[in-house]
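Here is how the chains run, residue by residue.
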Amino acid sequence: MVALDCSRNIIFEPVGRGKISAAAIRRLFENKIDSEAIACTDLCRSFKKFARESNLELVQLPKGKKKEGIYHLQHVNSFHSKLKNWMTRFNGVATKYLSDYLA
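Description of the structure in this document. (Residues numbered from 1 in each chain as written. Predicted model: local features only at pLDDT ≥ 70, side-chain atom pairs only at ≥ 80, totals over all residues. Heavy atoms only, no water.)

## What to know about the pattern of salt bridges
- Using the criterion set out here, one finds one salt bridge in the structure.
- Of the charged contacts, one joins arginine 26 and glutamate 53 as a salt bridge, the two residues approaching to 2.2 Å between their closest N and O atoms. Here the residue arginine 26 occupies a position in helix α1 (residues 22-29), and glutamate 53 occupies one in helix α2 (residues 45-53), the gap between them amounting to 27 residues. (Salt bridge = Lys/Arg side-chain N within 4 Å of Asp/Glu carboxyl O. Helix = DSSP H or I, 4+ residues; strand = E, 2+ residues; numbered from the N terminus.)

## Remarks on the nonpolar core
- Ile20, Ala22, Ala24, Ile25, Leu28, Phe29, Phe47, Phe50, Ala51 and Leu56 together form the largest nonpolar core, which totals 10 residues.
- Secondary structure elements with two or more residues in this core: α1 and α2.
- Among the elements that line this core, the one with the most residues is α1, at five residues.
- Setting aside chain neighbours within four positions, we find leucine 56 in contact with Ile33, Asp34, Ala37, Ala39, Phe50 and Ala51. (Core = buried A, V, L, I, M, F, W, Y, C linked by side-chain atoms within 4.5 Å. Buried < 20%, exposed > 50% of the residue type's maximum accessible area, 1.4 Å probe, protein only. Contact = heavy atoms within 4.5 Å.)

So this is what it looks like as structure tokens:
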């Protein structure tokens, strides 16, 4: 899971592979999101559930659409792409060791 706050601070934590649960999102962002924040995400249903449970305003962009007004996903997509390219040299790191590699 990767996120950037308004100050461009990176919030990153491996939370497994495949679909992510609202509980995993909550654990990652607990005490890190201001009550006035607006989350901008893709259409993953877990984000919708997380936002509803956290009383967080949510803007979800449809598949294939990277920008809508002031909201966009490009910073996170760019970081994710660079991270994946960097990780290729390790030839497939097991998820349980990912934190060690990133440190």
